[in-house]
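Notes for the structure review
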There are 2 protein chains.
Amino acid sequence: MSSKRIHFGVMLQGAGVNMNAWRHPSVPPNASINFDFYVERARKAEAAGLDFVFIADGLYIHEKSFPHFLNRFEPVAILSALAAMTSRIGLVGTMSTSYSDPYTLARQFGSIDMISGGRAAWNAVTSPLEGSGRNYSRAHPDHALRYKIADEYLEVVTKLWDSWDDDAFIRDVKSGRFMDPSKMHRLDHHGPFFDVEGPLNIARSPQGQPLIFQAGASDAGIELAAKYADCVFTNGGTLEKAQTFYRKVKDAARAHGRNPDHIKIFPGTGPVIGATEEAAQERLREYGKLLTIEDALNYLSHFFQQHDFSVYPLDEPFPDLGDLGKDGFRSTSEEISRIARERGLTLREVAVETATLRAHIGTSETFTGSAERIAGEMIRWIDEGAADGFMLGFPVLGCGLDDFVDLVLPILAERGYHDMQTQGTTLRDHFGLPYRESVYAHPADAAAEEQVPAMAGR
Amino acid sequence: MSSKRIHFGVMLQGAGVNMNAWRHPSVPPNASINFDFYVERARKAEAAGLDFVFIADGLYIHEKSFPHFLNRFEPVAILSALAAMTSRIGLVGTMSTSYSDPYTLARQFGSIDMISGGRAAWNAVTSPLEGSGRNYSRAHPDHALRYKIADEYLEVVTKLWDSWDDDAFIRDVKSGRFMDPSKMHRLDHHGPFFDVEGPLNIARSPQGQPLIFQAGASDAGIELAAKYADCVFTNGGTLEKAQTFYRKVKDAARAHGRNPDHIKIFPGTGPVIGATEEAAQERLREYGKLLTIEDALNYLSHFFQQHDFSVYPLDEPFPDLGDLGKDGFRSTSEEISRIARERGLTLREVAVETATLRAHIGTSETFTGSAERIAGEMIRWIDEGAADGFMLGFPVLGCGLDDFVDLVLPILAERGYHDMQTQGTTLRDHFGLPYRESVYAHPADAAAEEQVPAMAGR
């Protein structure tokens, strides 16, 4: 039943995704900048056969940002250090297409893929926070423009990664031939946003190319994922919603001529696990106590453009905010409003639940409970076409990961949905994805390439 | 005699700085992307008490680029991985002020400083290669403009690193107070080239700030170094030239109100070492054989804007090229022309010598010989005010570093100029430099800061 194996990623985000996770006794309070803690958690996940760790990111903070955002490692730096300290687990890191250079990004992730022996992936985001522009000497592009930039950015990066054929570097000591210049490819890319001549100054990496993750759930985000992504990370919601999203992405990939099995879909969830249902509820109450109501309202405002929720009565129904979240965390804000409406929650309930379980408000309700129930639900999501795996954003990374490994994984393994040993040695191997061939590996594309200089008038 | 300790850095540049070092039997031919080789060499240097390893960089390649430039690790990625695999040695990496963002750079080097426990340094370069712009969607700034950009860039980065006071993060689990907002500082920087609001999303690092290296030897480069650099890396040349440079930099630092002992000067050299003079000459011939004359002319052209040297007769005096190198590797091209003139070398001789020993043509003549003579010369350079240490760019990193550790260091140790154990645990400790205090640590500066919002009209 290996085709049914559930793939798992673990968010390494300081002490956990609960904004006050740092107060929990199972983590060091300085977790977000504690390298030893990152190593220990990554190795724990690796030993349990989980597929990858995931580093989220952000480019703007202010006084009210959540603790683990204020003081955190930069993704390339922490991933590369983790590459050296692990041997099998995949290493996924976020970098923004709105606030970085494709040449540098291609080098950094290419290097991590080499250092790790083929375990790197880039999570391409467009950066929703408007303040990011104020740290990067430029105006923050709006949602539509960000996705146009991202599309060209991904085209450039994937071409840069094909700068050298797999066998371009000969390194024949005797003759002194280091490389074959006929196997080097310049891009001569000239587009509306980027002009990149190339070639990249690093060879193709052990996976051919690092994998690409994508997380935007808007139509523009799905379109981008369908074209370029190997993996899609989403907010999940209910089983039905996840099934709809799953079909939509696979269909979009098919429309781009891709094999839908080659794009893996990971709803995000922050499971709260107990040996029994009651133990899980006790954990949830314990997590809730990490927060004050002010913390929770502050957390909520993050998804609604820093909206001031203190003007509303706490115990009245969640207010109608129109499209306040539309230009930032759009899908998350819509999800929060929908859940509040459907379940008739008050502002206080929405705030506490969101802040306790973070954005995974929908799936987290499903995945709060006994290990037996969580394992059963996960299997259902896989069997019923809602997911290829899950992105685990534990509210508290200490006890959360421990509970998952100790309580849930053995059940999944017994039912044939998990193996403590990952498949193969690269992240593509783990997912059963093929080696990424160069565009120049096929004669048709090679002919197309030859026309580029002529078309560009060179 | 510990004040006379000579500081050493080792360039980790693939197989070595000789363009065909990859052909030498003491290195793996794929050294430039061989992580295990990097780790092994860094640990060898660390065990011998050397102060730091150094990663050079470049942002543009073409068919005729040297082998180790065609296919190399990106500096942040390789340094961070090395941080995880070493425990005492300093980690210095190059990044360009013309082709990167200060917010990202400050995060990446701040992260490496944390991961390594205080061993990171940034080598700030302005990128001489004109082609770099063609990989970064922008026009390559000329020499003067690059240094203006660099000056503001360094101001922004050093301010970003002071975004949080040393004691800003409280992390009091009981009260839930994570940080003290009065100890967070925004920059609100608005200059001709950069607008950066801040604060940075990482705390001050174990060294207060990572160290800053600077390598430009033009007047603009020296001025930049005098303002910001902790260490200056230079091409060396003769003892007299190094003494002049040394005084110039220390005087310039003094003029900026700095303690001249707090800026350390490292002439670069590619020592060719033997147990005897004859053994060293044999090594030199061995290195020369790694190259053809075509390789050597190609190498030379790199410093003269890809000038085609094949039009000149090989065995006639080195041609007068005017100011051909002025907008790129200016100090190196001037040095090559000067040496050629003074020693009456032919084009062939200049090409082979440059390519064999790389750019350190002046100092490398001095530092080719028996271990006894090299140790004596190094001591002379220190005692006579020409250097605080040396940047070792071994033509071949395998046998070169081994010879240095095995043959030269024991002599220096015996004479009191070396200790197999570095001082302290941070790179600042190794150099005897004080912890870098925040600008906000002094009341006068704190008062000045309070005026910033008013001045900015906020």
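No experiment lies behind these values; they were computed from the predicted model shown.

Attention now moves to the packing of helix 4 (residues 102-115) of chain B against helix 6 (residues 143-160) of chain B. All names here are of chain B. The geometry of helix 4 relative to helix 6 is characterised by a closest axis approach of 9 Å and an angle of 50° between their N-to-C directions. Considering their axes alone, helix 4 and helix 6 lie oblique with respect to each other. In this structure, the crossing between helix 4 and helix 6 has a hand that is right-handed. Residues P102, Y103, L105 and A106 of helix 4 touch helix 6, and the partners they reach there are Y153, V156, V157 and L160.

Here we take up the relation of the copies chain A and chain B. Under the fitted operation, chain A is carried onto chain B by 0.0 Å of movement along the axis and a turn of 180°, and the coordinates agree to an RMSD of 0.0 Å. With respect to symmetry, the two chain copies, as superposed, fit the operation of a two-fold axis. For chain A, the residue whose C-alpha comes nearest the rotation axis is A81 of chain A, separated from it by 2.0 Å. When the interface residues of chain A are mapped onto chain B, 100% of them again lie at the interface, so the same face is used by both copies.

In this section: the interface of chain A and chain B. Many descriptions give the size of an interface as the accessible area lost when the pieces come together. The partner chain B presents 67 residues to the 67 residues of chain A that form the contact. Taking both sides of the interface into account, the surface hidden between chain A and chain B amounts to around 5,800 Å²; carbon and sulfur atoms contribute 59%. In terms of surface lost to chain B, no three residues of chain A exceed W22, R107 and F178 of chain A, which account for 11% of the buried area on that side. On inspection of chain A and its partner chain B, the count reaches six salt bridges. Linking R134 of chain A and E197 of chain B is a salt bridge whose minimum nitrogen-to-oxygen distance equals 2.6 Å. One can count 31 residue pairs in polar contact (both at pLDDT 80 or more) joining chain A with chain B. Of all elements in the fold, only helix 2 (67-70), helix 3 (75-85), helix 4 (102-115), helix 5 (132-135), strand 5 (169-172), strand 6 (177-179) and strand 8 (195-196) of chain A reach the threshold of two or more residues within the side of chain A that touches chain B. Looking at side-chain class alone, the side of chain A that touches chain B contains 39 nonpolar, 13 polar and 15 charged residues.

Our next topic: helix 3 (residues 75-85) of chain B. In terms of residue burial, helix 3 of chain B counts as a mostly covered element, since 10 of its 11 residues are buried. N-cap assignment for helix 3 of chain B: the residue whose side-chain oxygen lies 2.9 Å from the backbone N of V76 of chain B is E74 of chain B.

To continue, consider unusual backbone geometry. Residues and elements named next belong to chain A. The omega torsion across G198 and P199 is -5°, close enough to zero to call that bond cis. Within the secondary structure layout, P199 lies in the loop between strand 8 and strand 9 (211-214). Even without being a glycine, S137 presents a positive backbone phi close to 55°. Summarising the element assignment, S137 is placed in the loop between helix 5 and helix 6 (143-160). What makes S137 partly exposed here is its relative accessible area of 29%.

The subject of this paragraph is the sheet that holds strand 4 (residues 120-125) of chain A. All names here are of chain A. A barrel is described by the order of its strands in space; here eight strands give the closed sequence 1-2-3-4-9-10-11-14, paired in parallel fashion. For this sheet, the mean inter-axis angle between neighbouring strands, taken without regard to orientation, is 25°. As paired strands, strand 10 (residues 231-234) and strand 11 (residues 264-269) are joined by four bridges and run parallel to one another. Its bridge partner lying in strand 11, C231 is registered against K264. On the sheet, helix 6 packs against strand 3 (90-96), strand 4 and strand 9 and is oriented at approximately 155° with respect to strand 4.

All names here are of chain B. Sheet architecture is closed into a barrel: eight strands sit in the order 1-2-3-4-9-10-11-14, paired in parallel fashion. Sheet twist, expressed as the average angle between the axes of neighbouring strands with direction ignored, equals 25°. Of the pairings in the sheet, the one linking strand 1 (residues 7-11) to strand 14 (residues 389-392) comprises four bridges and is parallel in character. When the sheet's bridge partners are listed, H7 is paired in strand 14 with G389.

Moving on: the nonpolar core. Residues W122 of chain A together with W122 of chain B are the most contacted members of the largest nonpolar core, which totals 257 residues. Among residues more than four places away in sequence, those in contact with W122 of chain A are G93, M95, T97, L105, F109, Y153, L154, V157, W161, L211, I212 and F213 of chain A.

Before going further, it helps to examine the side chain of H140 of chain A. Residues and elements named next belong to chain A. Mapping H140 onto the fold places it in the loop between helix 5 and helix 6. Among the residues examined, H140 registers a relative accessible area of 16% and is labelled buried. A distance of 2.7 Å separates polar atoms of two side chains, one belonging to H140 and the other to Y99. Separated by 3.2 Å, the side chains of H140 and R146 make a polar contact. The residues touching H140, leaving out its near neighbours within four places in the chain, are Y99, S127, P128, L129, E130, G133 and R146.

So, on to the UniProt feature "binding site: FMN" (unreviewed entry) in chain A. Within the UniProt annotation, "binding site: FMN" (unreviewed entry) is assigned to D57, T94, H143, Y147 and S218 of chain A. Here D57 of chain A lies in the loop between strand 2 (52-55) and helix 2. Residues in contact with D57 of chain A, not counting those within four places in the same chain, are R72, P75 and T94 of chain A together with R107 of chain B. Separated by 2.6 Å, the side chains of D57 of chain A and R107 of chain B make a polar contact. Here Y147 of chain A is to be found in helix 6.

Scoring rules and cut-offs
- Residues numbered from 1 in each chain as written.
- Chains lettered and ligands numbered in written order.
- Predicted model: local features only at pLDDT ≥ 70, side-chain atom pairs only at ≥ 80, totals over all residues.
- Heavy atoms only, no water.
- Axes fitted to C-alpha atoms, helices over the stretch in contact; angles between N-to-C directions.
- Helix = DSSP H or I, 4+ residues; strand = E, 2+ residues; numbered from the N terminus.
- Parallel < 35°, antiparallel > 145°, perpendicular 65-115°, else oblique.
- Left-handed = near helix turned anticlockwise from the far one by under 90°.
- Contact = heavy atoms within 4.5 Å.
- Least-squares fit on C-alpha atoms with pLDDT ≥ 70 in both.
- Buried area = accessible area lost by both parts, 1.4 Å probe.
- Salt bridge = Lys/Arg side-chain N within 4 Å of Asp/Glu carboxyl O.
- Polar contact = N/O pair within 3.5 Å; in protein donor to acceptor, adjacent residues only side chain to side chain.
- Nonpolar A, V, L, I, M, F, W, Y, C, P; charged D, E, K, R; others polar.
- Buried < 20%, exposed > 50% of the residue type's maximum accessible area, 1.4 Å probe, protein only.
- Pairing = 2+ DSSP bridges.
- Core = buried A, V, L, I, M, F, W, Y, C linked by side-chain atoms within 4.5 Å.
- UniProt positions renumbered as here; feature names shortened; annotations may be inferred.

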